[in-house]
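Coordinates in review
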Amino acid sequence: MTRLFRAGRDRAQLELGFTAAAPRDADELLARLRQLGLTRIKRCRLTRNRNVMVSFGGGELRVHEGYLNAPESVLRAIVTFVEGRTRAERRAAQRVIIAHPIRSSRPPARRQRTHDEDLEIAEKLRAWHERYNTRHFHGRLKQVQLRVSRRMKSRLGHYTAGTPGGEPAEIAISRAHLKKHGWEETLHTLLHEMVHQWQDETGHTIDHGRTFRAKAREVGIAPYARRVLATRPGRAEGSQTLGRRAARDG
Ligand SMILES: [Zn+2]
């Protein structure tokens with residue numbers, strides 16, 4: 001930072017000029033992140049997927065466009081998310097990144113709602129959510145929107161965190177999954193998504209990493225993102241995604 005100050009200039013003035021220059025595109029953002037210590041990344045791409053804030057892998061960094069105007073503390077956190085040496089360091093950085101409210105140029109997708117004929121299933125899932133909450137989470141999980149999805153074909157379910165804009169968190173469960181695999185599997189998926197809800201509400205990253213695996217074992221479900229139902233190849237090693245949604249794929 002010291003090299004940014006030139007002799008004979010007023011410090012406040014320099015800082016003002018410095019903060020005013022927000023990056024306008026991916027290249028400028030990459031240049032800015034490099035100034036802040038980013039070294040591992042070769043390319044940067046801006047995304048509009050509202051459920052993914054930052055992800056990297058294979059030398060490429062993908063950042064939601066809503067971070068172009070992020071304050072320096074958040075940009076520094078992105079650098080730490082990529083370059084951080086310790087788990088604790090990266091986790092602290094993830095919290096800073098997620099706390100930044102992103103504004104997208106794309107209007108938020110309208111949430112689907114449960115089909116009238118599936119309301120009974122949704123109600124049953126809600127009752128199970130309450131039961132599992134008491135049994136495995138000391139009743140501390142918040143009430144959450146439970147939706148039955150007729151659109152979800154390949155995924156079994158997902159948890160989506162609420163947004164700073166006021167969109168509530170939800171757990172969606174695939175109707176096709178229930179029809180094909182039955183209640184027992186569906187309840188397994190519900191509990192899987194509740195572990196993500198627990199991650200979200202306790203300040204952990206929503207992922208299938210170490211905290212997920214430990215909690216999954218604790219509540220008695222398979223500690224993986226995918227089980228025998230898996231059909232899609234796993235993500236490339238060494239890549240990481242920081243987002244507000246986690247899906248159980250099938
Ligand atoms: Zn999951």
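Residues numbered from 1 in each chain as written. Predicted model: local features only at pLDDT ≥ 70, side-chain atom pairs only at ≥ 80, totals over all residues.

Helix and strand counts for the protein come out as 7 helices and 8 strands. Out of the 250 residues in the protein, the part that is buried amounts to 29%. In the protein, the proportion of contacts linking residues at least 24 apart, taken out of those at least 6 apart, comes to 59%. (Helix = DSSP H or I, 4+ residues; strand = E, 2+ residues; numbered from the N terminus. Buried ≥ 20, exposed ≤ 12 C-beta atoms within 10 Å, placed from the backbone. Contact = placed C-beta atoms within 7 Å.)

Per-residue pLDDT for the protein averages 81, and the proportion of residues at 70 or more is 79%. Mean pLDDT per element in the protein: helix H1 (residues 11-20) is the minimum at 44, and helix H5 (residues 119-137) is the maximum at 97. Low pLDDT, under 50, characterises residues 1-18; the predicted model gives this stretch 5 contacts beyond four residues in sequence or across chains. Per-residue pLDDT stays below 50 along residues 228-239; that stretch engages in 12 contacts with residues further than four places along the chain or on separate chains. (pLDDT = per-residue confidence, 0-100.)

Right, let's talk about the nonpolar core for a bit. Judged by nonpolar contacts, the single largest core of 21 residues is most densely connected at Val 63, Ile 78, Phe 81, Val 82 and Ile 97. Among the secondary structure elements, those contributing two or more residues to this core are helix H2 (26-35), strand E2 (52-57), strand E3 (60-64), helix H3 (72-83) and helix H4 (87-99). Per-element accounting of this core gives the leading share, 6 residues, to H3. In terms of nonpolar packing, the next biggest core, distinct from the first, is built from 18 residues, Leu 125, Val 144, Met 194 and Trp 198 among them. (Core = buried A, V, L, I, M, F, W, Y, C linked by C-beta atoms within 7 Å.)

Most of strand E4 (residues 145-149) sits out of view: 4 of its 5 residues are buried. Pairing of E4 with strand E6 (residues 170-174) involves 5 bridges; the strand directions are parallel. Across the sheet, residue Val 148 finds its bridge partner in E6, namely Ile 173. (Pairing = 2+ DSSP bridges.)

Look at H3: 16 Å from first C-alpha to last across 12 residues, which is about the 16 Å you get at 1.5 Å a residue. Among the residues making up H3, those that are buried are Leu 75, Ala 77, Ile 78, Val 79, Thr 80, Phe 81 and Val 82. (Expected span 1.5 Å × (residues − 1).)

In this section: helix H6 (residues 175-201). In a regular helix each residue adds 1.5 Å, so 27 residues correspond to 39 Å; H6 covers only 26 Å between its end C-alpha atoms and thus falls short of that length. By the largest-angle criterion, Gly 182 marks the main kink of H6, which is about 130 degrees. Trailing H6 by a residue or two, Gly 203 shows a phi angle of about 80 degrees, which is positive. (Bend = angle between axes of the 7 residues up to and from the residue.)

What follows covers unusual backbone geometry. You will see that His 138, though not glycine, has its phi angle at about 55 degrees, which is positive. Residue placement: His 138 occurs in the loop between H5 and E4. The exposed category is assigned to His 138, around which 8 C-beta atoms lie within 10 Å.

Further remarks concern the packing of H6 against helix H7 (residues 210-219). Closest axis-to-axis distance for the H6/H7 pair is 10 Å, and the angle between their directions is 130 degrees. With respect to H7, the element H6 is oriented oblique. Crossing of H6 against H7: the hand is right-handed. Across from Leu 191, Val 195, Trp 198 and Gln 199 in H6, the residues of H7 making contact are Thr 211, Phe 212, Lys 215, Ala 216 and Val 219. Counted by class, the contact of H6 with H7 contains 6 nonpolar, 2 polar and 1 charged residues. (Axes fitted to C-alpha atoms, helices over the stretch in contact; angles between N-to-C directions. Parallel < 35°, antiparallel > 145°, perpendicular 65-115°, else oblique. Left-handed = near helix turned anticlockwise from the far one by under 90°. Nonpolar A, V, L, I, M, F, W, Y, C, P; charged D, E, K, R; others polar.)

Quick look at the pairing of strand E5 (residues 155-160) now. In terms of residue burial, E5 counts as a mostly covered element, since 5 of its 6 residues are buried. Here E5 pairs with E6 via 4 bridges, running antiparallel. Bridge pairing in E6 places Tyr 159 opposite Ile 171.

A few words on the environment of Arg 48. For Arg 48, the position within the fold is in the loop between strand E1 (43-47) and E2. The class for Arg 48 is exposed, based on 12 C-beta atoms found within 10 Å.

Let's shift gears to the packing of H3 against H4. One can describe the packing of H3 onto H4 by two numbers: an axis separation of 8 Å at closest approach and a directional angle of 140 degrees. Put simply, H3 runs oblique to H4. Here H3 and H4 pass one another in a crossing that is left-handed. Each of Ser 73, Val 74, Ala 77, Ile 78, Thr 80 and Phe 81 in H3 lies in contact with H4, whose residues at this interface are Glu 89, Arg 90, Ala 93, Gln 94, Val 96 and Ile 97. Classifying every residue of the contact of H3 with H4 by side-chain character gives 7 nonpolar, 3 polar and 2 charged.

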